Amino acid sequence: LMMVLVAVVQLSLTLIWILRPSEARPTEADAALVLVGGRGERLRAVSELASDGVVDHIVIAAAQLRESSTFQRLCASDRFAGVTLHCIDGAPRDTRSEARSLARYASSQGWDHVVVVTSTYHLTRAKLMVSRCFAGTVDGVAATPDSGPAVWFGQVLHEWAGLAESQVRRGC
């Protein structure tokens with residue numbers, strides 16, 4: 001009975017935190033902070049935010065990008081979806097370092113409201129990391145990837161490990 005209860009709790013938390021994180025679509029913010037990765041869904045989501053007039057700035061932590069990546073090609077420009085694009089030199093590509101770089105940049109610009117844009121499975125942890133480093137309001141937009149069950153399963157495991165690590169390593 002205890003094993004069943006643990007499994008139900010784990011499944012419920014996975015659904016709430018990873019597969020369907022809570023998000024209230026913002027109506028306006030200073031900038032969208034896009035975490036690099038995904039399968040195109042993050043760029044589609046941030047493009048929609050820009051097109052809807054929610055943000056005037058998009059920020060991407062551009063460190064360690066492969067030259068052939070969509071993000072790298074995008075960073076060759078200073079505009080995307082009709083808004084100003086900021087590609088910053090960030091830290092190595094892990095969520096904590098990327099969140100730290102993005103939050104520090106947002107603070108240096110004097111912004112007080114940002115939207116974190118990342119894949120659905122990643123949103124809870126990414127928002128947590130950015131909010132630990134940024135004093136202003138942090139909203140989130142989940143971009144749903146077109147992935148099969150095997151990819152989702154791997155991402156769920158990865159996010160559980162990341163959430164556990166974020167509880168051990170608190171702070172920015």
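Residues numbered from 1 in each chain as written. Predicted model: local features only at pLDDT ≥ 70, side-chain atom pairs only at ≥ 80, totals over all residues. Heavy atoms only, no water.

(A) Fine view of the overall build of the protein. Of regular secondary structure, the protein possesses 6 helices and 6 strands. Along the protein, helices and strands appear, N-terminal first, in the series α-β-α-β-α-β-β-α-β-α-β-α. Looking at the protein residue by residue over its 172 residues, the buried ones come to 45%. Summarising the internal contacts of the protein: among those between residues at least 6 apart in sequence, 77% fall at separations of at least 24. (Helix = DSSP H or I, 4+ residues; strand = E, 2+ residues; numbered from the N terminus. Buried < 20%, exposed > 50% of the residue type's maximum accessible area, 1.4 Å probe, protein only. Contact = heavy atoms within 4.5 Å.)

(B) How the structure looks around the state of the cysteines. Enumeration over the complete set of coordinates arrives at 2 disulfides. Along the protein, the cysteines engaged in disulfide bonds are linked according to the scheme 1-2, 3-4 when indexed in sequence order. (Disulfide = S-S within 2.5 Å.)

(C) Summary view of the packing of aromatic side chains. Throughout the structure, instances matching the rule amount to 1 aromatic pair. Relative to W111, the ring of Y105 lies with its centre 6.1 Å away and its plane at 75°, an arrangement referred to as edge-to-face. (Phe/Tyr/Trp six-rings, centres within 6.5 Å; stacked < 30°, edge-to-face > 60°.)

(D) Quick look at the nonpolar core. In this structure, V46, L49, I58, I60 and V117 are the most contacted members of the largest nonpolar core, which totals 23 residues. Contributions of two or more residues to this core are made by β1 (31–34), α2 (41–51), β2 (57–61), α3 (70–74), β4 (83–88), β5 (113–119) and β6 (137–143). Each residue touching V46, except ones within four places of it in the same chain, is listed here: A32, V34, I58, F80 and V117. Grouped together as the second largest cluster of nonpolar side chains are 21 residues, L33, L35, A99 and A103 included. (Core = buried A, V, L, I, M, F, W, Y, C linked by side-chain atoms within 4.5 Å.)

(E) Broad picture of the sheet that holds β4. Pairing is mixed across the open sheet formed by 6 strands, whose spatial order is β3-β4-β2-β1-β5-β6. Edge positions in the sheet fall to β3 (79–80) and β6, since each has one partner strand and no second. Sheet topology places β1 next to β5; 4 bridges connect them, and they run parallel. Within β5, the position partnered with V34 by the bridge is V117. The sheet contacts of α2 involve β1, β2, β3, β4, β5 and β6, and relative to β5 the element is tilted by about 150°. (Pairing = 2+ DSSP bridges. Axes fitted to C-alpha atoms, helices over the stretch in contact; angles between N-to-C directions.)

(F) Structural view of the environment of A142. Mapped onto the secondary structure, A142 falls in strand β6. Here A142 falls in the buried class, since its relative accessible area comes to 16%. Taking the C-alpha atoms as reference points, A142 and T120, separated by 22 residues in sequence, lie 4.4 Å from one another.

(G) View of the layout of surface pockets. Roughly 300 Å³ of volume is contained in the largest pocket. Residue lining of the largest pocket: 18 residues in total, with R93, T95, H122, R125 and H158 positioned closest to the centre. Sorting the residues of the lining of the largest pocket by element identifies α4 (95–108) and α6 (149–168) as the ones contributing at least two each. At 6 residues, the largest contribution of residues to the lining of the largest pocket is made by α6. Partitioning the lining of the largest pocket into residue classes produces 3 nonpolar, 7 polar and 8 charged. (1 Å grid on protein atoms, 1.4 Å probe; cavity = no way out; pocket = protein on both sides within 12 Å on 5 of 7 lines; lining within 4 Å. Points joined across faces, edges and corners; volume = space filled by probe spheres on them. Nonpolar A, V, L, I, M, F, W, Y, C, P; charged D, E, K, R; others polar.)

(H) Structural context of the side chain of R42. Following the sequence through the fold, R42 ends up in helix α2. Buried charge without a partner: R42 forms no salt bridge, and the closest opposite charge is E41, 4.1 Å away. Excluding residues that lie within four positions of it along the chain, R42 makes contacts with V34, L35, V36, G37, V117, T118, S119, Y121, H122 and A143. (Lys, Arg positive; Asp, Glu negative; His and termini not counted. Salt bridge = Lys/Arg side-chain N within 4 Å of Asp/Glu carboxyl O.)

(I) Summary view of the pairing of β1. The two faces of β1 match: A31 and L33 on one face and A32 and V34 on the other face are all buried. Here β1 pairs with β2 via 4 bridges, running parallel. By the bridge assignment for β2, L33 is matched with V59. Handedness of the β-α-β unit built from β1, α2 and β2 comes out right-handed. (Right-handed = clockwise from strand over helix to strand, strands pointing away.)

Purely geometric stuff here, so don't read any function into it on its own.
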